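Listed below, chain by chain, are the residues.
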Amino acid sequence: MNNVILVGRLTSDPTLEEIDNDKKRTLIDIAVPRNFKNSEGLYEADFIRCVLWNGIALNTSKYCNKGDAIAIRGRIQTRNYEDIDGNKKYITEVIAQSISFVSPSKKEEKNEKIE
């Protein structure tokens, strides 16, 4: 079974991309704090790439901003490609199946209607 749940903060504003005229995609990175302190007594974070498709991508790009806290439920996916020098590169990312907006976005605070 391949399930993952992450709660973290957006590291940048989500940007919606249109692919093939009928698909929409948003790539986001979220900072997920670790639940333990490092040797210096500080909490570190993992920065995790997430891929959002269609309705989830549209709503996240419309209503979320850098710094907003979100919860993502999805699955881990790996893929690889060759760079321009012919070196094989591997990518691990989370494919989002649902997102919950944990903290209000700036647009919601301005009392804009959410559709």
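Think of each chain on its own: its residues are numbered from 1, step by step along the sequence as written. Reporting in this predicted model follows two pLDDT cut-offs: at least 70 for local features of residues, and 80 or more for side-chain atom pairs to be given and counted; totals over whole chains, interfaces and linings ignore these cut-offs and use all residues. No hydrogens and no water enter the side-chain calculation; it runs on all heavy atoms of the structure.

Asks: Can you help me understand the pairing of strand S2 (residues 16-19) in this one?
Replies: Consecutive residues of a regular strand have side chains that alternate between opposite faces of the sheet. Following DSSP output, two strands are said to pair if at least two bridges run between them. Helix and strand definitions here come from DSSP, where helices need a minimum of 4 consecutive H or I residues and strands a minimum of 2 consecutive E residues; each element is numbered from the N-terminal end. The pairing of S2 with strand S3 (residues 23-37) spans four bridges and is antiparallel. Residue pairing across strands places isoleucine 19 opposite lysine 23, the latter belonging to S3. Counted along the chain from S2 to the antiparallel partner S3, the turn is three residues long, and its residue aspartate 20 has a positive phi close to 55°.

Asks: Can you help me understand the side chain of threonine 26 in this one?
Replies: In this structure, threonine 26 sits in strand S3. A polar side-chain atom of threonine 26 sits 3.3 Å from the main-chain carbonyl oxygen of alanine 57. Any two residues whose heavy atoms approach within 4.5 Å are treated as being in contact. In contact with threonine 26, not counting residues within four places along its chain, are Pro14, Thr15, Leu16, Cys50, Val51, Leu52, Ala57 and Ser61. Residues adjacent in sequence count toward polar contacts only when both atoms are side-chain atoms; beyond that, a polar contact is any pair of N or O atoms within 3.5 Å, and within protein one must be able to donate a hydrogen and the other to accept it.

Asks: What exactly am I supposed to notice about the environment of phenylalanine 36 here?
Replies: Along the polypeptide, phenylalanine 36 turns up in strand S3. In contact with phenylalanine 36, other than residues within four places in its own chain, are Leu42 and Tyr43.

Asks: What exactly am I supposed to notice about the pairing of strand S6 (residues 88-101) here?
Replies: As paired elements, strand S4 (residues 43-53) and S6 share two bridges and run parallel to each other. Bridged to cysteine 50 within S6 is valine 94. Across 13 bridges, the pairing between strand S5 (residues 69-82) and S6 is antiparallel. The partner of glutamate 82 across the bridge, within S6, is lysine 88.

Asks: What is the right way to look at a nonpolar patch on the surface in this model?
Replies: Each patch is built from residues lacking any salt bridge and having more than 30% relative accessible area; the joining distance is 9 Å for like charges and 5 Å for nonpolar side chains (Val, Leu, Ile, Met, Phe, Trp, Tyr). Here the accessible surface of atoms and residues is derived via Shrake-Rupley with a 1.4 Å probe, and residues count as covered only by protein chains that are part of the display. Every case where a carboxyl oxygen of Asp or Glu lies within 4 Å of a side-chain nitrogen of Lys or Arg is listed as a salt bridge. Judged by side-chain polarity, Ile5, Val7 and Val102 come together as a nonpolar surface patch covering roughly 300 Å² of accessible area. Among the structural elements, isoleucine 5 can be located in strand S1 (residues 4-10). For the exposure calls, accessible area comes from a 1.4 Å probe over protein chains only, and a residue counts as buried if that area is under 20% of its type's maximum, exposed if over 50%, partly exposed in between. Judged by its relative accessible area of 66%, isoleucine 5 falls in the exposed class.

Asks: Where do I start with the nonpolar core in this structure?
Replies: Among soluble globular proteins, nonpolar side chains are generally buried collectively. By size, the foremost hydrophobic cluster in this structure holds 15 residues, and its most contacted members are Leu6, Ile28, Ile30, Cys50, Leu52, Ile70 and Ile72. Among the secondary structure elements, those contributing two or more residues to this core are S1, S3, S4, S5 and S6. Sequence-distant contacts of leucine 52, defined by excluding residues within four places in its chain, comprise Lys24, Arg25, Thr26, Ile28, Ala57, Thr60, Ala96 and Ile99. By nonpolar core is meant a set of buried Ala, Val, Leu, Ile, Met, Phe, Trp, Tyr and Cys residues that side-chain atoms within 4.5 Å join together.

Asks: Is there a simple way to explain the pattern of salt bridges in this structure?
Replies: A side chain with one charge may pair with a side chain of the opposite charge, provided their charged atoms come close. Counted according to the given criterion, the structure contains six salt bridges. For arginine 34, the salt bridge is made with aspartate 46, and the minimal N-O distance between the two is 2.7 Å. One end of the pair, arginine 34, is in strand S3; the other, aspartate 46, is in strand S4, with 12 residues separating them in the sequence. Judged by its relative accessible area of 30%, aspartate 46 falls in the partly exposed class. Two residues, aspartate 83 and lysine 89, come together in a salt bridge whose shortest N-O distance is 4.0 Å. Classification of lysine 89 as partly exposed rests on a relative accessible area of 35%. Residues joined by salt bridges that share partners form a network here, namely Arg34, Glu44 and Asp46.

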